[in-house]
Amino acid sequence: MSGDDYVYDEATGEWISAEEAAARAPSVEVRDSVGNLLADGDQVTLIKDLKVKGAGQTLKRGTLIKSIRLTGDPQEIDCRYEGIKGLVLRAEFVRKR
């Protein structure tokens, strides 16, 4: 973003800089199956066997997933696993390591 970008803030009815709008954006709390707060880069372990649609593979309980990314949805996390691109897991099926 450059310093010349402005967005309309509906709450105040004013035009504000894009940087200020990003700072005001509400942060989403993502919690794992036992209530631990998750953050980008965390490692998680699966608590249930999960069939991966389109990959013809099942991720077994206890599988370690490294370096997760939050998606902005309080129930979904984006991650990578061997040979599976674009893997999105529900937070209710993982536990923070």
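A brief report on the enclosed structure follows. Within every chain, residues take consecutive numbers counted from 1 along the sequence as written. pLDDT decides what is reported in this predicted model: residues at 70 or higher carry local features, side-chain atom pairs at 80 or more are listed and counted, and totals for whole chains, interfaces and linings draw on all residues regardless. Side-chain measures were taken over the full set of non-hydrogen atoms in the model, leaving aside hydrogen atoms and water.

1. Describing the overall build of the protein
Test applied: Going along the chain from the N terminus, every DSSP run of H or I of four or more residues is numbered as a helix, and every run of E of two or more is numbered as a strand. Radius of gyration: over C-alpha atoms. The globule rule applied is 2.2 Å multiplied by the number of residues raised to the 0.38 power.
Secondary structure summary: the protein contains one helix and twelve strands in total. In the protein, the succession of helices and strands from N to C terminus is β-β-α-β-β-β-β-β-β-β-β-β-β. Expected size for 97 residues packed as a compact globule is a radius of gyration near 13 Å; at 17 Å, the protein overshoots this value by more than 25%. Expressed along its principal axes, the backbone C-alpha trace of the protein runs to roughly 50 × 30 × 20 Å.

2. Details of the sheet that holds strand 5 (residues 44-46)
The condition that has to hold: Two strands form a pair only when DSSP identifies at least two bridges running between them.
Spatially, 8-5-12 is the arrangement adopted by the three strands of the open sheet, whose pairing is antiparallel. A strand with exactly one partner marks an edge of an open sheet, and here the two such strands are strand 8 (64-65) and strand 12 (94-96). In this structure, strand 5 lies alongside strand 12, joined through three bridges in antiparallel fashion. Within the sheet, the bridge partner assigned to Leu-46 lies in strand 12 and is Val-94.

3. Here's the deal with the pairing of strand 1 (residues 6-9)
Note that strand 1 and strand 2 (residues 14-17) share four bridges and pair antiparallel. By the bridge assignment, Val-7 is partnered in strand 2 with Ile-16. Hairpin connection from strand 1 to strand 2: four residues lie between these consecutive antiparallel strands, with Gly-13 at a positive phi of about 75°.

4. Quick look at the layout of surface pockets
Under the convention used in this document: Here a cavity is any set of points on a 1 Å grid over the protein atoms alone where a 1.4 Å probe fits but cannot get out, and a pocket is any open set with protein on both sides within 12 Å along at least 5 of 7 lines; a residue lines the site when it has an atom within 4 Å of a point. Grid points are joined across faces, edges and corners, and a volume is the space filled by probe spheres set on the points.
Approximately 250 Å³ is the volume attributed to the largest pocket. Along the walls of the largest pocket sit 13 residues, with Lys-51, Val-52, Lys-53, Leu-87 and Val-88 positioned nearest its centre. Taken together, the elements giving at least two residues each to the lining of the largest pocket come down to strand 6 (50-52) and strand 11 (84-90). Counting residues per element, the lining of the largest pocket draws most heavily on strand 11, which supplies seven residues.

5. Focus on the packing of aromatic side chains
When we look at a pair of aromatic rings, we describe it by the centre distance and by the angle of the planes. We apply this condition: Centres within 6.5 Å are what make two rings of Phe, Tyr or Trp a pair, Trp counting through its six-membered ring; a difference in plane orientation under 30 degrees is then read as stacked, over 60 as edge-to-face, and the rest as tilted. Only protein chains enter the accessibility calculation, which uses a 1.4 Å probe; a residue is then buried when its area is under 20% of its type maximum, exposed when over 50%, and partly exposed in between.
Applying the stated criterion across every chain, the model contains one aromatic pair. Ring plane angle 65° and centroid distance 5.4 Å describe the contact between Tyr-8 and Trp-15, whose orientation is recorded as edge-to-face. Note on Tyr-8: relative accessible area 45%, which makes it partly exposed.

6. Regarding the sheet that holds strand 9 (residues 69-70)
Within the open sheet, the three strands sit side by side as 9-10-11. Their pairing is antiparallel. The two strands at the open ends of the sheet, each matched to only one other strand, are strand 9 and strand 11.

On their own, these measurements won't tell you what the molecule is for.
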